[in-house]
Structures are given as C-alpha cells and as structure tokens.
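Geometric and topological summary
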Amino acid sequence: LFGHGTLDRADSETKSELYKFNKNGFLADKSDFLVKSTDRKAALAGKFVNIDFNVTTNIVKISPEKSDFNNNEKSILDFPNIDYITTIDKAIWNIKDKKITMAGVVENSNFKSTATKQYGLNFNGAAATYDIANVNLKISGVPSIHSVDVSIIPHNGLVTVKSDGLLEPFTKAKIIADTVNGYHVLTNANININSKLSFSGQADYQFVNVKSDTFNI
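Residues numbered from 1 in each chain as written. Predicted model: local features only at pLDDT ≥ 70, side-chain atom pairs only at ≥ 80, totals over all residues. Heavy atoms only, no water.

So, the pairing of strand 2 (residues 12-22)
Sheet analysis places strand 1 (residues 2-8) next to strand 2, joined by 6 bridges and oriented antiparallel. Bridging from a neighbouring strand, Gly-5 pairs with Ser-16 of strand 2. Linking strand 1 back to strand 2 in an antiparallel pair, the connection comprises 3 residues. As paired elements, strand 2 and strand 3 (residues 25-35) share 9 bridges and run antiparallel to each other. Within strand 3, the position partnered with Lys-15 by the bridge is Asp-32. Counting the residues that bridge the hairpin from strand 2 to strand 3 gives 2 residues. (Pairing = 2+ DSSP bridges. Helix = DSSP H or I, 4+ residues; strand = E, 2+ residues; numbered from the N terminus.)

A word on the environment of Leu-44
Counting through the fold element by element, Leu-44 comes out in strand 4 (residues 44-54). Linking Leu-44 and Ile-132, residues 88 residues apart in sequence, is a C-alpha distance of 8.9 Å. Once residues lying within four places of it in the same chain are set aside, the contact partners of Leu-44 are Phe-33, Leu-34, Val-35, Ile-62, Leu-77, Asp-78, Phe-79, Pro-80 and Ile-100. (Contact = heavy atoms within 4.5 Å.)

Notes on empty space enclosed by the protein
Applying the stated rule across the entire model yields 1 cavity of 30 Å³ or more. Computed from the structure, the largest cavity encloses a volume of approximately 60 Å³. Residue lining of the largest cavity: 13 residues in total, with Val-49, Pro-64, Ser-75, Leu-77 and Ile-88 positioned closest to the centre. For the lining of the largest cavity, the secondary structure elements donating two or more residues are strand 5 (59-64), strand 6 (76-79) and strand 8 (90-94). Among the elements that line the lining of the largest cavity, the one with the most residues is strand 5, at 3 residues. Here the residues of the lining of the largest cavity sort into 7 nonpolar, 4 polar and 2 charged. (1 Å grid on protein atoms, 1.4 Å probe; cavity = no way out; pocket = protein on both sides within 12 Å on 5 of 7 lines; lining within 4 Å. Points joined across faces, edges and corners; volume = space filled by probe spheres on them. Nonpolar A, V, L, I, M, F, W, Y, C, P; charged D, E, K, R; others polar.)

Some details on the packing of aromatic side chains
To describe a pair of aromatic rings, you give the distance between the ring centres and the angle between the ring planes. Inspection of the entire model under this criterion finds 9 aromatic pairs. On the basis of an interplanar angle of 70 degrees and a centroid distance of 5.8 Å, the ring pair of Tyr-19 and Phe-26 is categorised as edge-to-face. The residues Tyr-19 and Phe-26 share a single accessibility class, namely buried. Between Phe-111 and Phe-123 the ring centres are 6.2 Å apart and the planes differ by 20 degrees, which places this aromatic pair in the stacked class. (Phe/Tyr/Trp six-rings, centres within 6.5 Å; stacked < 30°, edge-to-face > 60°. Buried < 20%, exposed > 50% of the residue type's maximum accessible area, 1.4 Å probe, protein only.)

What about the layout of surface pockets?
In this structure, the largest pocket spans a volume of roughly 290 Å³. Along the walls of the largest pocket sit 16 residues, with Lys-36, Ser-37, Thr-38, Lys-98 and Ile-132 positioned nearest its centre. Along the lines of polarity and charge, the residues of the lining of the largest pocket split into 9 nonpolar, 3 polar and 4 charged. Here the second largest pocket defines a volume of roughly 200 Å³. Lys-138, Ile-139, Pro-154, His-155, Leu-158, Val-159, Thr-160, Glu-168, Pro-169, Phe-170 and Thr-171 together form the lining of the second largest pocket. The set of elements that each furnish at least two residues to the lining of the second largest pocket consists of strand 13 (136-140), strand 16 (159-161) and strand 17 (170-176). Counted by class, the lining of the second largest pocket contains 6 nonpolar, 3 polar and 2 charged residues.

Shape descriptors only; they carry no functional weight alone.
Here it is in structure tokens:
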C-alpha cells in the first residue's frame, strides 16, 4: 500500500510524497518529520529525511536522503528547543524511552548552534543522545571545539548542550592556543565556552624550556 501527504499522530508528524505501508508501520521517503513535545517547539524537526516507523516496537529510524546533481537539498536534524542542528548520519527515536540516539562518521557529523549569540559555534562528534524529557543533548567523540583563536579539546571527548542552548562547563579540558604550530598548550582547563567568539576560565600553562622539559605554570 502506497500513499502521500501528511500523517499526523499524537507524538509526531510526517510529510512525504511517498509512503510505503506495511503491517508494522510505514516507510516515508524524502520527508519532513517532527517529533512533538509538550513545549510549543518540536523536540526534533527532520528535513529531507527517510523514516522507518515501526508502530509495533515504537522505534523510529531516521536517516538522511542522499543528495544528487539534480537535487542539492541536504538532510538536517534540528533540535529547536536547544537551538542546535546536526548533519549526523543516522538517528533512532525510542518513543517509550523519550530519547533520540545518533551515530555517524565524525568527519561528516557536525553540530551547530543556530542561536544568534553563539555566532555559529560548531563542532563535530561521533555520537549523541537527545533526552526529550530533560531537554539536553549529550555528544561524544568530539575531537575539539574552536572558540576565538584556540582549539579546546574536551575531556574524554564529551560535550553537553543544556536546555538553554549553552554548553555545560568543561573540566580537565586541554587548550591549544596556536592551532597551526601547537606552541602554546594549556591543560587542566576549567572553562566555559560562551560562543564562537568568547570563552572564559582557568588552566595550567605548559612551559617547555630549552632542554625540552615541560612544566605546568
């Protein structure tokens, strides 16, 4: 059975020109997909994505539609409540657990703030979990975050976006102040990344003498 149009549920809304219905649910190609929330904004807004909605298991698989020369539209997953978007490869919405888990190739999986005061702050990550009930996004496998003219390396590659869209303060982070040559290295950093243009905090400066001995200052 095939169809097209808008499929509205209490928990979600799907718009697609091609549905394929089966006994367990439906598939939707190149769709606009919303995960509803109690807030006026959607928990998730997927653009140009493929949906595999299993009503039996209450599991929804979300994957990007591959663009081609005839269509340059790109798949995006938008989290309006925290003002973040991502290009990560795939996502799974567990309706019962109220969580959306994501995974992808780190080089292709970008997370970007859409808030004006963040000035385009963005970074890559390998996996993430969005907690719909608690309104936060936990990202892992983050190599670094660029703010001002430094590279900030999170401890264990972990980053949390809070419900207000700001990043949770970092502890035990590493800062490379000369991103080209890596001459200035600071460790044990406790910092707040406020935006792409601002960060604050404290750290130990690693001084290297002429004998190549390293000291924390």
